[in-house]
Amino acid sequence: MGYSDWVENHAMKHKKIVEKLVSQGLEKAAIIEYFDFENMKEKEIDFCPLYAKNKKCHEMESLNCYLCSCPNFRFNDEGIKKVEGKTQFSFCDIASKDGRQGIYGEKIHQDCSGCGVPHHRSYVEKNFDLDWAKIMRVCKA
Ligand code: SF4
């Protein structure tokens, strides 16, 4: 699955949950709280394949799933540019010190495995919108 397909699929899952919470009368703070990893793995098992394994994507004590993947992620499935003969497909727009460019054969992808930026509650609060797809619209490079 390319980045675009993943984003489309994730947007639908995210929207369905948010619509359910809004229909129950939840507002911003409670919605963000609901997206805490510990709650999501119990109530929304299909949202992330890691929930079934009780595994976090990043080792953080308190991990929020609302802004998975990350508004700072930039991607293009067709490739963004050539770097020393290889094709770069993604990068971090803020060049986070905790991210890195991973080289996989002829392909370069942003590796966010060491970065927890979008999973902090404070970051989610600052970048919040009920429409996840709207927040992530900037990600297509
Ligand atoms: S390195 Fe961090 S801030 Fe940058 S795109 Fe990845 S998760 Fe987001």
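Before reading further, recall that the structure is shown in the block above.
Predicted model, so just to flag it, every value in this text is computed and none were measured.

What counts as what
- Residues numbered from 1 in each chain as written.
- Predicted model: local features only at pLDDT ≥ 70, side-chain atom pairs only at ≥ 80, totals over all residues.
- Pairing = 2+ DSSP bridges.
- Helix = DSSP H or I, 4+ residues; strand = E, 2+ residues; numbered from the N terminus.
- Axes fitted to C-alpha atoms, helices over the stretch in contact; angles between N-to-C directions.
- Near = placed C-beta within 6 Å.
- Nonpolar A, V, L, I, M, F, W, Y, C, P; charged D, E, K, R; others polar.
- Buried ≥ 20, exposed ≤ 12 C-beta atoms within 10 Å, placed from the backbone.

## Some remarks on the sheet that holds strand β3 (residues 86-88)
The strands making up a sheet associate through hydrogen bonds between their backbones, and the pairing can be parallel or antiparallel.
Step number 1: Taking strand neighbours across the sheet as the criterion, the 4 strands line up as β2-β3-β6-β5 in an open arrangement whose pairing is mixed. Because the sheet does not close on itself, it has two edges, and the strands there are β2 (81-83) and β5 (100-104). On average, each strand axis in the sheet is inclined to that of its neighbour by 40°, with strand direction left out of account.
Step number 2: Where β2 lies against β3, 3 bridges are found, and the strand directions are antiparallel. What sits directly across from K81, in β3, is Q88.

## Some points on the site of the ligand
Step number 1: The environment of the ligand is made up of 13 residues, and the closest members are C70, C92, G99, C112 and C115.
Step number 2: Residues of the shell around the ligand, tallied by class, amount to 8 nonpolar, 4 polar and 1 charged.

## Quick notes on unusual backbone geometry
Step number 1: That bond from C68 to S69 is cis: its omega, 10°, falls within 30 degrees of zero.
Step number 2: By the secondary structure assignment, S69 is in the loop between α3 (37-43) and β1 (73-75).
Step number 3: We note that N54 has phi near 55°; this positive angle belongs to a residue other than glycine.
Step number 4: Considering the arrangement of structural elements, one finds N54 in the loop between α3 and β1.
Step number 5: Among the residues examined, N54 registers 9 C-beta atoms within 10 Å and is labelled exposed.
Step number 6: One non-glycine residue, E84, adopts positive backbone phi at about 50°.
Step number 7: Relative to the elements of secondary structure, E84 occurs in the loop between β2 and β3.
Step number 8: Since 7 C-beta atoms lie within 10 Å of it, E84 is described here as exposed.

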